[in-house]
Amino acid sequence: MPEPLDAALSEVRALLLDPALTRAVAAGRRRGQRPSVVRAELRPVTLKGGPRLQISTSDGARPYTRNVAPGAEADGAVDALLAEPFGNWHVETADSTLQLRVTKSGEAQVHRAAASRPAPEPGGHDRAKDWLLDPGDPIFAEIGGSAAKRRQVDAFLRALAATLPDDLSGPLRVVDLGCGNAYLTFAAHRYLTRRGLDVTLVGVDVREDQRRRNTELAERLGWADRVSFVAGTIADARVEPAPDLVLALHACDTATDEALARAVRWDARWVLAAPCCHHDVAAQLRARPAPAPYELLTRQGILRERFADVLTDALRAGLLRLHGYRAEVVEFVDSRHTPRNLLIRARRTGSAPADDQRAEYRELVDRWGITPRLETLLAGRP
Ligand SMILES: C[S@@+](CC[C@H](N)C(=O)[O-])C[C@H]1O[C@@H](n2cnc3c(N)ncnc32)[C@H](O)[C@@H]1O
């Protein structure tokens, strides 16, 4: 239900000047008007001289940051920003989130949500220190997701934290392939910007409805200039410039192979892919007898499927190694949060593979008479 704009902006003003403010972003523009800056971000900081409100604005090319003292200086700076014809305000405090969108008729469409903490897990402790991202962070009220998905994503980000070098700086371009409802995309943005990185993210999913929904969510969060979405296949969706970091959480079946192949083609520096179901190698194993003396591994259906899972991910890691990556397969989250709890984590080294590594891979696939999808996708690459 639209509300009068002045009253809604007064509410925004009170939150911006509230000591409980966590972060706020103004972006977009009102119909027929253009603010003097493309985006403004406000957050509280503590300097030697005491608490300040940090205001970062961007003219689209360069950022400008200043720290204003509470009182008249902060009041004046906030009033000046509220007078700009921004189309959206997103304000987070310790207790709540408020999103304001100015409608075409100049009214305010306001969405208010309380910061929510997930219920503690049965039989378990749920302390803040168990999480990389605070579960009370207001973004979770926006992006939703089940408790299990929240755990998976937090654990995935922990693995990411352990992968990126501590002294990483400069712009970081990230893509989330098979992003679905973009829970990981948004959480990764939150984590990486908290680390002080200048990050841009693109989420790719074949579903156009997901692209629309996720784009609207990015706008509501005030992140649309940093987080964008493309509807297309992992194999050929347009993502420019090429990303430094490729993420894929539970991209179905061979979509994980597409994600790994795309990462290699992009020469991505880091790749984190948690595979989902594995059907490709399992079907190939079913279609022919196992080489002697390994029939016992594949005679029972369930054993054949589990063996196919292991073989698939071992061969994926092996292929990454042949294409200039150091790759490892780790368990990234407890299996009670998802049975799909393996993560292929790879870092580009650019090293050419040794002959014995090539031979080891070839012997394994020839022996079993299989051609993994990733091998086909990478065919023709040195
Ligand atoms: C199981 S969901 C996982 C979504 C999300 N990453 C998560 O963990 O919540 C897999 C997603 O991958 C998308 N997908 C599957 N194959 C794809 C392909 N070849 N190209 C692009 N998206 C694909 C599906 O539409 C779906 O949204």
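Residues numbered from 1 in each chain as written. Predicted model: local features only at pLDDT ≥ 70, side-chain atom pairs only at ≥ 80, totals over all residues. Heavy atoms only, no water.

Comments concerning the pairing of strand S6 (residues 96–102)
Operational definition: Burial classification: accessible surface area is computed with a 1.4 Å probe over protein chains only, and a residue below 20% of its type maximum counts as buried, one above 50% as exposed, and the rest as partly exposed. Helix and strand definitions here come from DSSP, where helices need a minimum of 4 consecutive H or I residues and strands a minimum of 2 consecutive E residues; each element is numbered from the N-terminal end. Any two strands between which DSSP finds at least two bridges are classified as paired.
The buried count for S6 comes to 5 of 7 residues, which makes it a mostly enclosed element. Between the end of strand S5 (residues 88–93) and the start of S6, which pair antiparallel, lie 2 residues. Note that S6 and strand S7 (residues 108–114) share 7 bridges and pair antiparallel. Among the inter-strand pairings, Thr 97 is bridged to a residue of S7, identified as Ala 113. Between S6 and S7, which pair antiparallel in sequence order, lie 5 residues; one of them, Gly 106, sits at a positive phi of approximately 85°.

Regarding the domain arrangement of the protein
Worth spelling out the cut-off: Each domain's extent was defined by an automatic or database domain assignment. When checking whether two residues touch, look at their non-hydrogen atoms; a contact exists if any pair is within 4.5 Å. Buried area is calculated as the accessible area (1.4 Å probe) missing from two parts once they are joined, with the contributions of both summed. Each reported salt bridge corresponds to a side-chain nitrogen of Lys or Arg within 4 Å of a carboxyl oxygen of Asp or Glu. Two N or O atoms count as a polar contact when they lie within 3.5 Å, although within protein this holds only if one can serve as hydrogen donor and the other as acceptor, and sequence-adjacent residues are included solely when both atoms are side-chain atoms.
Under the domain assignment used here, the protein contains domain 1 (2–128) and domain 2 (147–377). At the junction of the two partners, domain 1 supplies 11 residues and domain 2 supplies 12 residues. Taking both sides of the interface into account, the surface hidden between domain 1 and domain 2 amounts to around 1,000 Å²; carbon and sulfur atoms contribute 38%. Between domain 1 and domain 2 we count 2 salt bridges in total. For the salt bridge of Asp 225 with Arg 39, the shortest nitrogen-to-oxygen distance reads 2.7 Å. For the pair domain 1 and domain 2, the number of links is 5 residue pairs in polar contact (both at pLDDT 80 or more). Elements supplying a minimum of two residues to the side of domain 1 that touches domain 2: strand S1 (21–27) and S5.

Some remarks on the site of the ligand
As a reminder, the rule being used: Near, as used in this document, describes a residue that has one of its heavy atoms within 4 Å of the molecule or strand being considered. Each residue receives one of three labels: charged for Asp, Glu, Lys and Arg, nonpolar for Ala, Val, Leu, Ile, Met, Phe, Trp, Tyr, Cys and Pro, and polar for the others, Gly being one of them.
Not every one of the 15 residues close to the ligand is listed here, only the nearest: Lys 149, Gly 178, Asp 205, Ile 234 and Leu 249. Val 206 places a polar main-chain atom, nitrogen or oxygen, 3.2 Å from a nitrogen atom of the ligand. Ile 234 is positioned with one of its backbone polar atoms (N or O) 3.0 Å from a nitrogen atom of the ligand. Looking at the shell around the ligand, its residues break down into 6 nonpolar, 5 polar and 4 charged.

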